[in-house]
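Residue-level structural notes
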Amino acid sequence: MSSRASILEKIKQNQPSVVSELPSLTFLGLDTFDIVEKYKTVLKSIGGDFVEVKNYDAIIDFIKNNYDIKKRIITTLPELAEIAVTDWFNDDPHTLKDVELTIVKAHFGVAENSALWVTDAILGQRVATFIPQYLAIIVNKNDIVATMHQAYDCIGDQEYGFGTFIAGPSKTADIEQSLVLGAHGARGLMVFILE
C-alpha cells in the first residue's frame, strides 16, 4: 500500500460519526424550540428581523401594515398574489431593478448562522433575492436545522442549477470603513417563521 493510500485509509477510519436524522438534535441537547430560539437570536444579531406567523394570511397582513404595497412587490408564491406580482419569472432580469420587496420561501434555515437555503427551483430568477430594496423569506419552523453540517447533509445529494445561503441583509464595512447596508443586495431581511 502506498503512503497516500495508507493516509487516506487512516482518515476514513477516524472520521467522526455523522448524525443524519434531521431535525432530531438530541445529541446537541437541543429540541425544535431551542433551535428556533437560536435562529431568531442569531438573525437579530446580524441585522435581520423575524415575525412568527401561523399562515399566509398573517404574512399578507404584516406586509400591508409594514411595507408600501403601492411599490413593486414580487413573489414566487401564488398564496401571496393579493399583494405581489407572481408572473415575472420570464421577464428580463434588468426589469426587476425597481423591485421594493421580494418574497420567497426557503427550503430550510440554519440556526447557528441564521442562513436560509434557496435554489433556482424557488427563486424564479437568481437576481430576485439580490436586487430588491428589501427581502422577505418564509421558512417553516420545523425546517430549521441546528448546524451547517446538517445543512450540507440536506443538500449534499440534491441537484440544482443555482443555490445560495442567505443570512441577514447585505452589509459591508469596506467602503470608507463604515458599515453600509444594501451595498451588494437587500437593505433589509424579514424572515417569516411559519408554524
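Right above here is the structure, for reference.
Description of the structure in this document. This structure is a prediction, so every number in the text was calculated from the model and none was measured.

Helix and strand counts for the protein come out as 5 helices and 11 strands. Within the protein, the proportion of its 195 residues that are buried is 40%. Here the protein displays about 11000 Å² of accessible surface, and carbon together with sulfur accounts for 50% of that area.

When we look at burial in helix α5 (residues 148-155), the residues that qualify are Met148, Gln150, Ala151 and Ile155. Summarising the axial view, the buried residues of α5 lie within an arc of 155 degrees, below the 170-degree limit, and thus occupy one face. Summarising the contacts, the buried residues of α5 are in contact with β4 (108-110), β5 (115-119), β7 (144-145) and β8 (163-166).

Moving on: the pattern of salt bridges. Taken as a whole and assessed by the stated rule, the structure comprises 6 salt bridges. In this structure, the salt-bridge partner of Lys40 is Glu37, at a minimum N-O distance of 2.8 Å. One end of the pair, Lys40, and the other, Glu37, are both in helix α2 (residues 32-45), 3 residues apart, so they sit about a helical turn from each other. Looking at Lys40, the relative accessible area reads 8%, which means it is buried.

With that out of the way, let us pick up a nonpolar patch on the surface. Taken together, the side chains of Ile7, Leu8 and Ile11 make up a nonpolar region of the molecular surface, amounting to roughly 260 Å² of accessible area. Relative to the helices and strands, Ile11 is located in helix α1 (residues 3-13). Owing to a relative accessible area of 41%, Ile11 belongs among the partly exposed residues under this scheme.

What is expected of a backbone is that most residues other than glycine have negative phi and most peptide bonds are trans. Look at Ser114: it is not a glycine, yet its phi comes out positive at around 60 degrees. Along the chain, Ser114 falls in the loop between β4 and β5.

Ranked by size, the top nonpolar core spans 21 residues in total, and within it Tyr39, Leu116, Ile137, Val139, Ile144 and Val191 carry the most contacts. Within the residue set of this core, elements represented by two or more residues are α2, β5, β6 (134-140) and β11 (188-194). For this core, the element with the most residues is α2, which contributes 4 residues. Setting aside its immediate chain neighbours within four residues, Ile137 contacts Val104, Lys105, Ala106, Leu116, Ile166, Leu189, Met190, Val191 and Phe192. The next biggest cluster of nonpolar side chains, apart from the first, holds 20 residues, and it includes Tyr67, Ile73, Leu101 and Ile103.

So, on to the sheet that holds β6. A sheet is described by the order of its strands in space; here 5 strands give the open sequence β1-β11-β6-β3-β2, paired in parallel fashion. Looking at which strands have only one partner, the edges of the open sheet turn out to be β1 (49-53) and β2 (73-75). Across the sheet, the mean angle separating the axes of adjacent strands is 20 degrees when strand polarity is ignored. Pairing between β6 and β11: 7 bridges, direction parallel. Across the sheet, the residue bridging to Asn140 is Leu194, located in β11. Sheet strands touched by helix α3 (residues 56-66): β1, β2, β3 (101-105), β6 and β11. Its angle to β11, the strand with the most contacts, is close to 155 degrees.

What counts and what doesn't
- Residues numbered from 1 in each chain as written.
- Predicted model: local features only at pLDDT ≥ 70, side-chain atom pairs only at ≥ 80, totals over all residues.
- Heavy atoms only, no water.
- Helix = DSSP H or I, 4+ residues; strand = E, 2+ residues; numbered from the N terminus.
- Buried < 20%, exposed > 50% of the residue type's maximum accessible area, 1.4 Å probe, protein only.
- Areas by Shrake-Rupley, 256 points an atom, 1.4 Å probe, with all protein chains shown as cover.
- Arc of directions from axis to C-beta.
- Contact = heavy atoms within 4.5 Å.
- Salt bridge = Lys/Arg side-chain N within 4 Å of Asp/Glu carboxyl O.
- Patch = residues over 30% accessible without salt bridge, like charges linked within 9 Å, V, L, I, M, F, W, Y side chains within 5 Å.
- Core = buried A, V, L, I, M, F, W, Y, C linked by side-chain atoms within 4.5 Å.
- Pairing = 2+ DSSP bridges.
- Axes fitted to C-alpha atoms, helices over the stretch in contact; angles between N-to-C directions.

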